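Read off the chains here:
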Amino acid sequence: MRKLLALVAAFAFFSLNVWAQRTLTGKVTDENGAPLSNVSVVVKGTSTGTVTKTDGTFSLSVPAGARELEISSLGFAAQTIAIGSGSNYNVSLVSSTKDLNEVVVTGITRVRRSQFAGAASKIDARQIVDRPVGSFDQILQGRAPGVLSLTGSGQPGTASTLIIRGSGSVQGGSQPLYIVDGIPVEAGVFQALNPNDFASIDVLRDAATAALYGSRGSAGVVVVTTKRGTGGKMKLSYSGQMGIKSKPDFAFRPMTTAELLKAQEQYGSIVGGSSNNNSLLTGWYLSKNNPRYATLNATQQAAADRALDSISQINTNWEDYFFRPGNFSNHQITLSGGTGKTRIFSSLGLYNEEGTTDRTDMKRVTFRNNVDYADDKFSLSVSSNLGYVKRNFQQTTQTNGVANPFLATNIALPYKKVFNPDGTYAAGAGFPDLGATQLDLTYWDENYNDQIKATLGFTATYNLTENVSVALTSGIDFRETQNTNYGSQLAYTRRISSSITGRAGFQSESISRFLTSNIRPSVTFKKVFAERHDFEFSAIGEYIQENAKAFNLTGFGIDPRTPNTPAAIQVGNAANQLFIQAGGSKFRTAIASGLALARYTFDGKYTLTGSIRRDGSSKLSEDNRWQNFYAVGAIWDMTKESFMDNIRAINVMRIKLSYGSAGNHNNFPSNYLYQARFATGNYSGLTTQVANYPGNPDARWETIYTTNLGIDFEIVNRRIYGDINLYNRITKDLFVSRRLPPSVGGFGWQIDVNAGELGNKGVEWNLNFDVIRNRNLTWTLFTNGSYNKNELLSLGGEEPYESGTSFLKEGLPLGSHYEVKWGGVDAATGQPLYYDLDGKLTTTYAASNSVTDFGTWEAPWKGGFGTSLRYKGFDFSVLFSWQEGATKVDNLEFFVENPVGFLGTGQFNQSADLKFWTKPGDVVNTPSPLYGVNFSSKLIHDASFLRFRDVTLSYTLPESTTAKLKFISNVKFYVQGTNLFIWTKWRGMDPEAGAVNINLSEFPNPRAFTGGLNITF
Amino acid sequence: MKYLKYSLLLLVGSLVLISCKKELDQQPTDFIAEENAFLTFDHIQLGANGAHGAYGAYLNDLYASALVSDEARLGAGNAGQGALEYRYQFSSDATTGGSVTAAWGAYYYLIDQINRILPNIDLVTARPEQEPRRNIVRAQLLALRAISHFGVLQDYCKNYNATEPLGVPIMTVSDITLKPARNTMGEVMAQIEKDLNDAKALLPAVTVATFTDTTINRINLAAFQARIALYKGDYDNAITYATEVIGSGIKPLVSGANFAGIWTDANVNETLYRVRYQNDAAVGGLFTTIGGVIYIAPSDKLTATYDQATDIRYSAYIGTTSGGDRYVNKYYTSSRGGRIVDLKVCRISEMYLIRAEANAKKASPNLTAAAADLNAVRAARITGYVNETFTTVNDAVTAILNERFKELALEGFRLFDLKRNNLPVSRNASDASPDWQTLPAGNFRFVLPIPQAEMIANPNMVQNDGY
């Protein structure tokens, strides 16, 4: 051991910046004397620091002026020790869990949790790294209370829908603000960020925190902090992960050939008439029971029998063709270290995922460099990330189109062949051959994009005096995506196209560019008066500009011998009619803000915080542009009171109250909603000009007022700990749509007016229980979740209106489904029955009978729970995520249980569950084929689910072994399962995927099994 | 020194913020702000182009007539397109009644666009050679406004009765704060006639050389006047206007290949007004997809009315696939690609049939004149046709209506002809299941539903009976 120490000391000397610096060494142990590795040792108030080695030792060069060392580690109470004249410090840390959340990163400021009046949850690196997802926001489901997180698609790299504390806007969005290392980044485009570089994700939910972002934070803020270099020698580590992805199971099954032919026959025998002669309705057309059969001569009858027989022999399971096994791999090399005043974190990541259907994948290369410098006066943090992503796509998912493989797989006829005898796809015109036609299109066409994203930022701080510091933060988030869509002439649908451009094949290239830049100067005054009055004041200015530009071009006449290149685009002329189509768009928005923040803490017991700011948005007219926002908060740290000294069962108890307002700049319904607009168009070669939006000159800020009451606690020897928050959020001046009557301008004419009021109130919990906690074994149970009641409080005198599948009416939650209530099937006649507004059954379907009795897609209850078990080198963790109380429209059911529109045409497959009325007395849920199926509440189903989200088992080699491997300091192996099971009443592929309100056959989230290895050299 | 440093910082900070304040004035680049919309007469002309294109609204009448009357049936490849309308299960909702409520929004859209242009015509600058065009464009817009009002009146009201309170709203100004109520049918008709008369007074005379069937001019304006007069039951004026059009000689009846060419857009014979679709299968695609899937087919009833051997309309209007399925050949083929055909809104043969019907129905019927016009149309269509004469008004009217059925099939007339004459829809058994084989005369479904969107947004609107 001594030898080792000497070695360490020697290394330390090598890197020593001799003058004005000295090296401290020491060892960190737990309360039982066992050495602790990876403990952070930092010179207090700076970013100079290191981590302990596996034997618990550390060595750190500190500036001459350094006074205190802060020693902290996950799961242990932090300690601060004074630096004296000695150079060796042995420290014993006391196990604790409260430090998990010790520092809340708000992106602008780092606040000690004990002085933080808001509601926030922290997701640490352990939960973030090594997850087989291409977009980091997919990690949040079940891990942060108050967050509704729906992974919308199994397409590799797709962002989630994230709603924090309920939708706070109707016409605007509810997308949170995303901040990476202090720099705002584009929401929803995260493929080029590598979650393995993240140190933590903080989800800020309340007014006091949102007030810091005043004009932009009303929908919550997701703050990502990336890893910084650890002090000491450069450490190289490698992590690698591989695995497979597969299609999920779901309740629904399409019919087999035998089942479908039987259903077709049944359909025809009831409907008769023209269906007798519909040759596509094979099961009936060729049936002996069809009256047509009797009119055939013997040869024709034999031919019909043979045809039916040969069709019966084909039974294509389209799932086998539309799904494939996916795979996943991720490799990363990290360098982390630093000497003296400078620390560096550098990582190179390679990510590769192949989706569970053809032509879907994602490849990513990321390169991150974080550099920190700090001396006693000046500090600088630079963060940079460069990412390149390539993603391949299907023609379409999430549409009710036959080019969507996830619709095709369910409605393609099972008695159609996949391949022609020559091996090509057996594509055909129209719907009957849609399965093979889709596959043919997938085979020939290409659709992919290349994305480059650079996120660069820095914060420079200079201490003017002991109490006053000035800082400047600035950065850019730049993204350019280049999309290519190639339509081959050889694809069947093009070969049979009757339009000139349709036959010619196309090459479509588009570029979209997005740039956000910000600059944020600040001054901070900080002083402790008379030892008990801790005071902090900051003045901050901020300017943010967003620039977006998109350009696209589609050319035709692509010779298949030179496929997929813009070079093959033919020059259009009057003879070939292959004119190039080009278009694009651009916009710029800006916001300027001035902000004052203050905090006062008395004796560590009472803290008051306040902020006031003024913001101007380019999205509003000059008269309504500027708005003030403010927030106040108070914290009472009860455990610091003397009367608590004798109450041993309570270790920490903090009560927090905050109130404040915040705006929604990023989620305005449009960038220029106050202006009426005209656009040019085309009428058969003539340029036209038409008004396309009437404009609302009175548009102003939509503001959310949040009251939050929270409690942080650690009780029973810190074994039970967590926090509970109660909140009430009211959106005022809520944008609601004023639907103009079609008679004043046609269909779809609407303006957004600040009229309504929307409420979200609820409770959030985050509870942890260490069942067993000793040196070798830690077993923790945890649960987090929330209940949110969303209610449209007022429409401000506007008429209630239909929005998508929902209806906006006072007293209802947003997203309330609006449909005619299904009354079942009349057992005597087979007619569909609906309820009218008086609750009486009627056979007449009238949209005016629509009601809102069917719930909303936005789940009021959601959360996660699980357990983690640590035994020596083994670490086992399980996470379940769930949502309860959501309903969703199943559009697929409309297709696959629809005798008139689908079965009867003979062009589509149906659900094996289809049972339609055939004779009086039948008690079924699908009407007689004589009557059409309308969109009704029949299609609305419970979309609640419980997902077995994640299970991970890892093993870290014991030190005794790694010590023998001279060049390796740490080795960890792990296996992981993601999305293994789902328990749900939903029958479609995935209750989460696709639009939040309606299932349009989106790419279902895959199941994944991965295994990996992390080595630190 | 310290304070100087702070002051400097503050100064720099404020300067930065002041310069940022200017940056908050971001103007749209991708669309035309209202204040810049109409600056020169060129912009008025662009607006007028848009208005002429927006008269594609007529296509909704054409489709509604096909679905609700007896001229069409659901085709072999129908997967629900128009099926609920065809089965008389439509409602005011866009999902179930989209095809019969669409005209309302489309016509009022056009009316609003016109109302946005009209007040600017005199305000914009114009080059000297454009000066006369101010009145021509004004007249075209007034006429389109009148025709659009007529479109909604015909679709969403009962048969014409001047005192009927449930007409449609008259819209002559663009104002998004309005929540208009229904005017009486008489008031609407008065506005239509005023706009048409004002327009006609502003339009110059046309000749064969200056006539174009894609913009409003004196002659096709008269054709619409004739159509509206017949609808109103004003037979004398119907005769006058129809005679004005026929007498101009600008568009004579044609036959043979000249007739067939109308439907492939090879020529513009007979067409008085046309909405162009240069590369859009809006018209043909309603009936048959570009890929050949038949959504809506000609009814057996219609098919049976033609003598296949002698009537050139049969092959021009009705096609048969190799599989034996019939399709609407009228909107099937074009030099610009399959189904990409123009919308023929008004043809000369309609003028003959209007005049024939008006002569038969007017206070002192002139059956000879009625027969002459009917025979003229038939002679142009049927080889070896022998003229017919009539002795009773009933026989004449029945023959004329039947001829309108055949001649103007799937052009947006049949439903309104049946409604206007208080006749039922009676489909052949082979065209429809018993449940939707008949729509009794005077049934509420002859008056199409006001769209749900209007009912929700406009508390002053009254829905039609039955919906």
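Every value quoted in this text rests on a predicted model; they were computed, and no experiment measured them. (Residues numbered from 1 in each chain as written. Chains lettered and ligands numbered in written order. Predicted model: local features only at pLDDT ≥ 70, side-chain atom pairs only at ≥ 80, totals over all residues.)

Caption draft 1: Structural context of the overall build of chain B. When helices and strands are tallied, chain B shows 18 helices and 9 strands. Considered along the principal axes of its C-alpha atoms, chain B spans approximately 115 × 50 × 50 Å. Split into buried and exposed, the 467 residues of chain B put 52% on the buried side. (Helix = DSSP H or I, 4+ residues; strand = E, 2+ residues; numbered from the N terminus. Buried ≥ 20, exposed ≤ 12 C-beta atoms within 10 Å, placed from the backbone.)

Caption draft 2: Focus on the overall build of chain A. The helix and strand tally for chain A stands at 14 helices and 50 strands. For chain A, whose C-alpha radius of gyration is 32 Å, the value lies close to the compact-globule estimate of 31 Å for 1017 residues. Its C-alpha atoms give chain A principal-axis dimensions of roughly 110 × 70 × 65 Å. For chain A, long-range pairs separated by at least 24 residues make up 69% of all intrachain contacts whose partners lie at least 6 apart in sequence. (Rg over C-alpha atoms; globule rule 2.2 N^0.38 Å. Contact = placed C-beta atoms within 7 Å.)

Caption draft 3: The arrangement of the environment of A:Trp983 in detail. All names here are of chain A. Tracing the backbone through its elements, the reader meets tryptophan 983 in strand β48 (residues 970-984). C-beta crowding within 10 Å serves as the criterion here: with 11 such atoms nearby, tryptophan 983 is assigned to the exposed category. With 101 residues separating them along the chain, tryptophan 983 and tryptophan 882 place their C-alpha atoms 9.3 Å apart. Setting aside residues up to four positions removed in sequence, tryptophan 983 forms contacts with Phe945 and Leu946.

Caption draft 4: The arrangement of the sheet that holds strand β31 (residues 686-693) of chain A in detail. Read across the sheet, 3 strands follow the order β31(A)-β30(A)-β1(B) without closing on themselves; strand pairing throughout is antiparallel. Taken across any chain shown, the strands that pair with only one partner, and hence form the sheet edges, are β31 of chain A together with β1 (32-33) of chain B. Pairing between strand β30 (residues 677-683) of chain A and β31(A): 7 bridges, direction antiparallel. Following the sheet pairing, A:Ala679 is matched in β31(A) by A:Val690. Where helix α2 (residues 41-54) of chain B meets the sheet, it contacts β30 and β31 of chain A, and its direction lies at approximately 85° from that of β31(A). (Pairing = 2+ DSSP bridges. Axes fitted to C-alpha atoms, helices over the stretch in contact; angles between N-to-C directions.)

Caption draft 5: Quick peek at the sheet that holds strand β39 (residues 822-825) of chain A. Residues and elements named next belong to chain A. The strand order β39-β40-β41 describes an open sheet built from 3 strands, whose pairing is antiparallel. The sheet terminates laterally at β39 and β41 (841-842), the two strands that pair on one side only. Summarising the sheet, strand β40 (residues 832-835) and β41 pair through 2 bridges and their orientation is antiparallel. Note on β41: the bridge partner recorded for tyrosine 835 is leucine 841.

Caption draft 6: Structural detail: the nonpolar core. One finds B:Leu110, B:Ala143, B:Ala223, B:Ala226, B:Ala238 and B:Val245 to be the most contacted residues of the largest nonpolar core, which totals 132 residues. Beyond its immediate chain neighbours, meaning those up to four positions away, B:Ala223 contacts B:Val245, B:Leu272, B:Tyr273, B:Cys346 and B:Met351. (Core = buried A, V, L, I, M, F, W, Y, C linked by C-beta atoms within 7 Å.)

Caption draft 7: Quick look at helix α16 (residues 393-407) of chain B. All names here are of chain B. Taking 1.5 Å per residue, 15 residues should reach 21 Å; α16 reaches 20 Å between its end C-alpha atoms and fits that length. The complete set of buried residues in α16 reads Ala396, Ile400, Leu401, Glu403, Arg404, Lys406 and Glu407. Here the buried face of α16 lies against α12 (300-305), α13 (312-317), α14 (348-361), α15 (367-381) and α17 (414-420). (Expected span 1.5 Å × (residues − 1).)

Caption draft 8: Just unusual backbone geometry, in detail. Residue and element names in this part refer to chain A. Positive phi outside glycine occurs at arginine 359, with the angle close to 65°. Relative to the elements of secondary structure, arginine 359 occurs in the loop between β19 (342-354) and β20 (361-374). Despite not being glycine, aspartate 733 has its phi angle at roughly 55°, a positive value. Within the fold, aspartate 733 resides in strand β33 (residues 720-739).

Caption draft 9: A look at the pairing of β40(A). Residue and element names in this part refer to chain A. The pairing of β39 with β40 spans 2 bridges and is classified as antiparallel. Paired with valine 825 across the two strands is proline 832, which belongs to β40. Connecting β39 to the antiparallel partner β40 that follows it, the hairpin turn spans 6 residues, and glycine 830 within it adopts a positive phi of roughly 80°. Here β40 folds back onto β41, and the loop between the two strands holds 5 residues, one of which, glycine 839, carries a positive phi near 80°.

Caption draft 10: Inspection of the packing of helix α5 (residues 94-117) of chain B against helix α6 (residues 131-156) of chain B at higher detail. Residue and element names in this part refer to chain B. The geometry of α5 relative to α6 is characterised by a closest axis approach of 9 Å and an angle of 155° between their N-to-C directions. By the angle class used here, α5 and α6 are roughly antiparallel. Relative to α6, α5 is oriented so that their crossing is left-handed. Where α5 abuts α6, its residues Ala103, Trp104, Tyr107, Leu110, Ile111, Ile114 and Ile117 lie against Leu141, Leu144, Arg145, Ser148, His149, Gly151, Val152, Asp155 and Tyr156. (Parallel < 35°, antiparallel > 145°, perpendicular 65-115°, else oblique. Left-handed = near helix turned anticlockwise from the far one by under 90°.)

Caption draft 11: Structural context of the confidence of the model for chain A. All names here are of chain A. Predicted confidence across chain A gives a mean pLDDT of 88, with 93% of residues reaching 70 or more. In the predicted structure, residues 1-20 sits below a pLDDT of 50 and forms 20 contacts with residues beyond four places in sequence or in another chain. Note that pLDDT drops below 50 for residues 97-102; the model gives that stretch 21 contacts with residues more than four away or on any other chain. (pLDDT = per-residue confidence, 0-100.)

Caption draft 12: A look at the interface of chain B and chain A. Residue-level contacts link 75 residues of chain B with 73 residues of chain A. Every element with two or more residues in the side of chain B that touches chain A is listed here: α1 (2-23), β1, α2, α4 (83-86), α5 and α18 (452-457) of chain B. Across the side of chain B that touches chain A, the residue classes break down as 32 nonpolar, 28 polar and 15 charged. In this structure, β30(A) lies alongside β1(B), joined through 2 bridges in antiparallel fashion. What sits directly across from A:Phe678, in β1(B), is B:Ile32. (Nonpolar A, V, L, I, M, F, W, Y, C, P; charged D, E, K, R; others polar.)

Caption draft 13: Summary view of the environment of A:Asn784. Here A:Asn784 shows up in strand β35 (residues 777-794). A sequence separation of 82 residues divides A:Asn784 from A:Gly866, and the C-alpha atoms of the two residues are 9.2 Å apart.

Caption draft 14: Quick peek at the packing of helix α9 (residues 235-248) of chain B against α14(B). Residues and elements named next belong to chain B. Viewed as axis vectors pointing N to C, α9 and α14 meet at an angle of 150°, and their least axial separation amounts to 9 Å. As summarised for this structure, α9 and α14 are arranged roughly antiparallel, according to the angle between their axes. Here α9 and α14 pass one another in a crossing that is left-handed. Counting all contacts with α9, which are made through Tyr235, Ala238, Ile239, Ala242, Thr243, Val245 and Ile246, the residues of α14 involved are Ile348, Met351, Tyr352, Ile354, Arg355, Ala358, Asn359 and Lys361.

Caption draft 15: Expanded view of helix α7 (residues 185-202) of chain B. Residues and elements named next belong to chain B. The first and last C-alpha atoms of α7 sit 26 Å apart over 18 residues, in line with the 26 Å expected at 1.5 Å per residue. Of the residues making up α7, those classed as buried are Met185, Val188, Met189, Ile192, Asp195, Leu196 and Ala199. Seen end-on, α7 carries its buried residues on one side only, within an arc spanning 130°. On its buried face, α7 is in contact with α6 and α8 (218-232). (Arc of directions from axis to C-beta.)

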